[in-house]
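# Results of the structural survey
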Amino acid sequence: MRTFYSILISALVGAAQTPHQPHHPPQADEYARILEDPSRDVWQRPEEVVQALELNRSQTIADIGAGSGYFARRIAPHVAMVYAVDIDPKLLAIARTRSPANVKSILAAPDDPKLPRGSIDTVFICDVLHHIGNRPAYYARLAEALKPHGRIVVVDFYKKELPVGPPPAMKLSDDEVISEFRKAGFGLNKRIDTLPYQYFLFFDRR
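The numbering scheme is per chain: residues are counted from 1 as the chain's sequence reads. Only residues with pLDDT of at least 70 are given local features in this predicted model, and only at 80 or more are side-chain atom pairs given and counted; all residues enter the totals for whole chains, interfaces and linings. For the side-chain quantities, the full set of heavy atoms in the structure was used; hydrogens and water were omitted.

Only DSSP runs of H or I covering at least 4 residues are called helices, and only runs of E covering at least 2 are called strands; the numbering of each starts at the N terminus. Within the fold, Phe124 resides in strand 4 (residues 120–126). By definition, residues are in contact when any of their heavy atoms lie within 4.5 Å. Setting aside residues no more than four positions away along its own chain, Phe124 makes contact with Val49, Leu53, Ile61, Ala62, Asp63, Ile64, Phe71, Ile75, Val153 and Val155.

Strand pairing is assigned whenever DSSP identifies at least 2 bridges connecting the two strands. Reading across from one edge, 3-2-1-4-5-7-6 is the order of the seven strands in this open sheet, with mixed pairing throughout. Either end of the sheet is taken by a strand with one partner, and the two such strands are strand 3 (103–107) and strand 6 (186–192). Pairs of neighbouring strands in the sheet enclose a mean axial angle of 20°, with direction left out of account. Axes here refer to lines fitted to C-alpha atoms; in helices the fit is confined to the stretch in contact. Angles between the N-to-C directions go from 0 to 180 degrees. This element, helix 6 (residues 89–98), spans strand 2 (81–86) and strand 3 of the sheet and lies at about 175° to strand 3. Together, strand 5 (146–157), strand 6 and strand 7 (198–205) form the strand contacts of helix 8 (residues 174–183), whose direction differs from that of strand 7 by roughly 10°.

Okay, the side chain of Asp156 next. Within the secondary structure, Asp156 sits in strand 5. Throughout this description, a polar contact denotes any pair of N or O atoms lying within 3.5 Å of each other; where both atoms belong to protein, one of them has to be capable of donating a hydrogen while the other can accept it, and for residues adjacent in sequence the pair is counted only when both atoms sit in side chains. Within the structure, Asp156 has its side chain in polar contact with the backbone nitrogen of Leu129 (distance 3.4 Å). At 2.8 Å, the side chain of Asp156 forms a polar contact with the side chain of His130. In contact with Asp156, other than residues within four places in its own chain, are Asp127, Val128, Leu129, His130, Tyr197, Gln198 and Tyr199.

Centre distance within 6.5 Å is the pairing criterion for rings of Phe, Tyr and Trp, where only the six-membered ring of Trp is used; planes under 30 degrees apart are then read as stacked, over 60 as edge-to-face, and the remainder as tilted. As enumerated under the stated definition, the model contains eight aromatic pairs in all. For the ring pair Tyr70 and Phe71, a centre distance of 5.3 Å and an interplane angle of 85° mean the geometry is edge-to-face. Take Tyr70 and Phe71: they sit in the same class, and that class is buried. For a ring to carry a charge above it, either NZ of a lysine or CZ of an arginine must fall within 6 Å of the ring centroid while also lying within 35 degrees of the normal to the ring plane. Across the ring face of Tyr158, the terminal group of Lys160 is positioned such that the distance to the ring centre comes to 5.4 Å. Lying over the aromatic face of Phe202, Lys190 brings its terminal NZ or CZ to 4.5 Å of the ring centre. Relative accessible area decides the class of each residue, using a 1.4 Å probe on protein chains only: under 20% of the type maximum gives buried, over 50% gives exposed, and in between gives partly exposed.

So, to be careful, I would describe these as geometric facts and stop short of saying anything about function.
Next up, the structure:
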């Protein structure tokens with residue numbers, strides 16, 4: 001599986017490459033600069049996304065593929081605890097330097113988010129779901145981490161040509177994601193269609 005943050009590198013770097021221009025993967029600090037580029041805010045609309053989550057200060061959130069903490073630190077002021085989950089220790093170290101005290105980093109495995117069982121109100125997955133291998137098994141691990149009335153929220157690129165993001169062959173369509181979660185015991189509770197390049201889906205247990 002590619003690293004959790006790699007999809008954003010494809011979004012912000014890949015689109016700028018010419019067809020025959022070689023691309024060498026940058027180091028963690030360079031990844032962090034790309035993830036934090038202000039131009040991302042224009043299409044990612046992070047404040048709008050966080051507001052739509054309708055969080056409260058009693059909740060615990062897991063940000064899967066947190067990378068440099070782009071969303072984790074924005075979510076943190078609204079909740080009790082954020083778990084910033086990633087498989088890259090250097091990116092998590094960068095995230096810790098930028099995040100408030102209620103953001104706790106978790107060094108995950110590619111097939112295991114390593115979240116405490118029954119502890120999470122919302123699992124938030126932005127722009128990384130389609131790079132998780134064996135997603136049915138991974139969904140089962142996420143389900144174990146959720147509280148009884150917990151939910152999973154997915155933001156990811158539409159499966160079509162876009163000015164940002166990877167080529168369509170690398171993406172999951174919203175219909176595919178909904179079908180996968182249905183098979184994992186989750187139903188679509190709500191969707192928001194205000195982001196220019198991404199679907200925004202809310203799932204709960206069924």
